[in-house]
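Each chain is listed here by its residues.
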Amino acid sequence: MSRSFKVILCFLALLALSACHKKVRNPDTSLSLDCYAAMVDDDFRVNSHRIRAYIDTLVRHDDDSTMTDLRVKAYYRNRKPFLWITRHGIDCRADSLVASLDSVGLTGFSPRQFCMPQLRNDLEDLRRLRVGREQNINELFARLEYHLSKAFFRYVTGQRFGYFNPRFTLNRLDVLKEDSDGVKYRRLFDMKMQLPGPRFFSEALSMLAHDSVGVLLRTSQPTNPYYYRLQAMLRQARTQDARNRILCNMERARWRLADSPDRHAKCVVVNIPSYHLYAINGDEWLTMRIGCGSLETKTPLLSSQIKRIDLNPRWIIPRSILEKSILRHAGDPAYFHRHRYGVAQRSTGKRVSPHDIRPWMLNSTDYYVYQEGGEGNALGRIIFRFDNNFAVYLHYTSAPEVFSREDRGVSHGCIRVEKPYELALFLLPKPDEEVAQKIRYSITADLAPLEPDFVASEEQPDTLNRKWIINSVKIEPRVPLFITYYTLFPGPDHRFEECADVYGYDGVILRHLKNYM
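Structure report, in brief. (Residues numbered from 1 in each chain as written. Predicted model: local features only at pLDDT ≥ 70, side-chain atom pairs only at ≥ 80, totals over all residues. Heavy atoms only, no water.)

### Remarks on the sheet that holds strand 13 (residues 367-371)
This is how the line gets drawn: In this scheme, strands are said to pair when DSSP sees at least two bridges between them. Each helix is a run of H or I in the DSSP string that is no shorter than four residues. Each strand is a run of E no shorter than two, and both are numbered from the N terminus.
One open sheet accounts for 4 strands, arranged 10-13-11-12; its pairing is antiparallel. Edge positions in the open sheet fall to strand 10 (315-316) and strand 12 (351-352), since each of these has one partner strand only. As paired strands, strand 11 (residues 341-345) and strand 12 are joined by 2 bridges and run antiparallel to one another. Counterpart to A344 in the pairing with strand 12 is R351.

### As for the pairing of strand 3 (residues 175-179)
Looking at chain direction, strand 3 and strand 4 (residues 182-185) are connected through 4 bridges and run antiparallel. By the bridge assignment for strand 4, V175 is matched with Y185. Hairpin connection, strand 3 to strand 4: the antiparallel pair is bridged by 2 residues.

### Quick word on the layout of surface pockets
Quick reminder of the rule: Using a grid of 1 Å spacing that covers the protein atoms alone, one calls a set of points a cavity when a 1.4 Å probe fits there but cannot get out, and a pocket when the set is open and has protein on both sides within 12 Å along at least five of seven lines; lining residues are those with an atom within 4 Å of a point. Grid points are joined across faces, edges and corners, and a volume is the space filled by probe spheres set on the points.
Computed from the structure, the largest pocket encloses a volume of approximately 1,200 Å³. Lining the largest pocket are 41 residues, and of these P318, S320, I321, H412 and G413 sit closest to its centre. Listing elements by their share of the lining of the largest pocket, those giving two or more residues are strand 4, strand 10, helix 12 (319-326), strand 14 (382-386) and strand 16 (409-411). Broken down by element, the residue count for the lining of the largest pocket peaks at 7 residues, all from helix 12.

### Details of the nonpolar core
Just so we agree on the cut-off: Residue types Ala, Val, Leu, Ile, Met, Phe, Trp, Tyr and Cys, when buried and joined through side-chain atoms within 4.5 Å, form a set referred to as a nonpolar core. Relative accessible area decides the class of each residue, using a 1.4 Å probe on protein chains only: under 20% of the type maximum gives buried, over 50% gives exposed, and in between gives partly exposed. In this analysis, two residues are considered to be in contact whenever any of their non-hydrogen atoms come within 4.5 Å of each other.
Among the nonpolar cores identified, the biggest contains 116 residues, and L394 and L423 are the most heavily contacted of them. Per-element tally for this core: the top contributor is helix 6 (residues 137-161), with 13 residues. Residues in contact with L394, not counting those within four places in the same chain, are V270, L277, I306, I383, F384, F386, I415, V417, L423 and L481. Listed in part, the 18 residues of the second largest apolar core include L322, I326, Y335 and L379.

### As for the pairing of strand 8 (residues 284-293)
Pairing of strand 7 (residues 276-281) with strand 8 involves 6 bridges; the strand directions are antiparallel. Paired with N281 across the strands is E284, a residue of strand 8. Once strand 7 ends, the chain turns through 2 residues before running back antiparallel as strand 8, passing G282 with a positive phi of about 65 degrees. Relative to strand 17 (residues 415-417), strand 8 runs antiparallel, the two sharing 2 bridges. From the neighbouring strand, I290 faces strand 17, where its bridge partner is V417.

### Focus on a nonpolar patch on the surface
Which entries qualify depends on this criterion: The patches reported here contain residues having more than 30% relative accessible area and no salt bridge. Joining distances are 9 Å for like charges and 5 Å for nonpolar side chains (Val, Leu, Ile, Met, Phe, Trp, Tyr). Areas reported here follow the Shrake-Rupley algorithm with a probe of radius 1.4 Å; residue values treat only the protein chains shown as occluding. The salt bridge criterion pairs a side-chain nitrogen of Lys or Arg with a carboxyl oxygen of Asp or Glu, the two atoms within 4 Å.
Taken together, the side chains of V175, V183 and Y185 make up a nonpolar region of the molecular surface, amounting to roughly 230 Å² of accessible area. By the element assignment, Y185 lies in strand 4. Residue classification places Y185 among the partly exposed residues on the basis of a relative accessible area of 32%.

### So, the side chain of K73
What counts here: In this charge count, Lys and Arg are treated as positive and Asp and Glu as negative; neither His nor the chain ends contribute. N or O atoms within 3.5 Å of each other form a polar contact, as long as, within protein, one can give a hydrogen and the other can take it, and as long as residues adjacent in sequence are counted only when both atoms are side-chain atoms.
On the secondary structure map, K73 appears in helix 3 (residues 67-77). At 4.3 Å, D62 is the nearest oppositely charged side chain to K73, a buried residue that forms no salt bridge. A distance of 2.5 Å separates a polar side-chain atom of K73 from the backbone oxygen of D62.

### Comments concerning the packing of aromatic side chains
Applicable threshold: Centres within 6.5 Å make a pair out of two Phe, Tyr or Trp rings, where for Trp the six-membered ring is used; the pair is then stacked when the planes are under 30 degrees apart, edge-to-face when over 60, and tilted otherwise. Charge-over-ring placement is defined geometrically: NZ (Lys) or CZ (Arg) within 6 Å of the ring centre, and within 35 degrees of the ring normal.
The full count for this structure, using the stated rule, is 31 aromatic pairs. Ring geometry for Y75 against Y76: centres 5.2 Å apart, planes inclined by 85 degrees, an arrangement best described as edge-to-face. Across the pair, exposure class does not vary: Y75 and Y76 are buried alike. Centroid distance Y485 to Y505: 4.6 Å. Interplanar angle 45 degrees. Geometry classified as tilted. Of the two residues, Y485 sits in the loop between strand 18 (472-484) and strand 19 (488-490) while Y505 sits in helix 17 (residues 505-513), which places them 20 residues apart along the sequence. Given the relative accessible area of 3%, Y485 is considered buried. Three or more aromatic residues joined by ring pairs form one cluster here, namely Y226, Y278, W285, Y486, F489 and F496. The ring of Y503 has K298 sitting right over it, with the charged end atom 5.8 Å from the ring centre. Over the face of the ring belonging to Y370 we find R314, whose NZ or CZ atom lies 3.8 Å from the ring centre.

### Brief notes about the packing of helix 2 (residues 48-60) against helix 6
Rules: In this analysis an axis means a line fitted to C-alpha atoms, helices contributing only their contacting stretch, and an angle means the value between N-to-C directions, from 0 to 180 degrees. Convention used here: angles under 35 degrees read as roughly parallel, angles over 145 as roughly antiparallel, angles from 65 to 115 as roughly perpendicular, and any remaining angle as oblique. Helix crossings are classified by the rotation of the near helix relative to the far one: an anticlockwise turn of less than a right angle makes the crossing left-handed, while a clockwise turn makes it right-handed. Three classes are used: nonpolar for Ala, Val, Leu, Ile, Met, Phe, Trp, Tyr, Cys and Pro, charged for Asp, Glu, Lys and Arg, and polar for all others, with Gly counted as polar.
The geometry of helix 2 relative to helix 6 is characterised by a closest axis approach of 8 Å and an angle of 50 degrees between their N-to-C directions. In terms of orientation, helix 2 lies oblique with respect to helix 6. Taken as a pair, helix 2 and helix 6 cross one another with a handedness that is right-handed. Between helix 2 and helix 6, the residues in contact are R50, I51, Y54, I55, L58 and V59 and N138, E139, F141, A142, R143, E145 and Y146, respectively. When grouped by side-chain class, the residues that make up the contact of helix 2 with helix 6 number 8 nonpolar, 1 polar and 4 charged.

Structure follows, in structure tokens:
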């Protein structure tokens with residue numbers, strides 16, 4: 001490098017250093033907010049009071065009246081804090097919700113019922129700041145706040161608990177009695193289940209505030225394994241009738257029941273629409289036909305545990321049957337003898353002679369009418385008892401021809417089983433040949449010698465082996481029992497069987513689901 005070139009470089013460096021030390025006055029030190037006034041555009045001025053006013057208008061004009069919608073409306077009427085609007089605008093929680101709502105179509109519902117078209121447009125307008133004469137920023141924020149809340153609570157509540165409340169609706173379906181005191185309904189649903197009460201709403205609000213939207217969206221998805229199989233079937237359904245049937249059964253699979261068959265290796269499932277009982281032990285299935293409640297006296301849906309087998313049970317006749325069929329025969333001893341009916345005092349158990357039976361006795365709650373156990377008893381010779389609020393049980397019948405009928409809705413609510421002996425063996429905790437033989441003997445033996453007025457004769461000698469007669473077998477551990485209503489039910493081969501909607505429950509559910517279709 002030449003000496004002259006080095007001199008030039010040094011000179012330039014000195015000039016640069018001198019320039020750095022030269023002070024330049026900042027022209028913006030005296031700026032105030034007034035200086036920016038000319039830049040303000042009212043279309044972009046965010047005002048919480050105006051947002052509130054727009055939300056009030058949306059609430060007033062919203063006619064949707066599901067329980068979830070009413071809770072959302074009440075929240076905003078009470079001037080509670082915004083849920084989605086922060087000092088940074090609408091954050092990524094909205095994106096998490098919209099991503100989940102993209103799957104609404106897979107559930108058979110309309111995205112429009114979850115505000116999806118409006119939400120997409122409004123989010124796009126907000127992010128591109130498309131405001132002006134058509135809409136201002138506060139109106140846009142108000143729509144997003146209200147519709148995000150409405151869609152969010154509709155979705156998480158419906159997916160977690162179901163969009164239809166069977167406890168409320170089914171138990172107000174059949175009128176049992178109507179008088180000046182009001183209407184009394186027949187109870188048809190008595191399964192313990194989770195319901196979306198105020199506590200869930202508060203927890204959801206808390207999770208929303210703590211940015212746990214994604215967690216709540218994930219944990220709100222159904223846990224019943226049937227649900228996802230039915231959802232896959234929905235994609236392939238070719239007719240609206242097929243879709244409707246699938247949608248109704250998907251709804252049943254959303255209900256958060258306290259107990260369900262998939263939680264047990266061994267259980268008994270009665271499915272009313274298929275008129276079948278399924279005794280399940282792992283991969284082994286015992287199936288049999290059943291008779292159940294008629295359309296007028298439906299069998300209630302419930303869950304319980306089978307605790308005892310009673311053999312040759314005495315039947316205490318319900319008052320409804322007593323008033324309808326027996327009362328008019330008071331004073332006819334032959335009728336009571338022929339049907340093996342008896343009347344006894346409730347307090348003492350003392351029997352009334354058939355010749356002394358009077359109508360006032362049958363009308364009095366101080367007496368009850370029973371049918372002796374044994375051959376010809378309406379309960380059959382074996383009954384399976386479980387705790388429930390309806391006095392319904394599984395039992396055999398004195399009219400087994402019912403099992404050859406296609407329509408087997410024949411009872412007052414109890415369930416008649418085709419293979420009682422096989423079911424009894426299934427319920428025993430382990431194989432016991434002696435108990436099995438005693439059960440078979442007890443349900444086939446002639447029990448006439450046990451009746452109070454029996455007198456042995458040459459025509460009817462006393463040949464009863466009393467040592468082999470047993471009255472009851474305790475089931476320990478108890479076996480879970482589920483009385484269900486699926487019009488698409490997976491049988492032993494795990495393929496869904498299509499069943500008739502014998503009680504019309506699909507139609508009831510579908511009317512509610514149309515709010516989302």
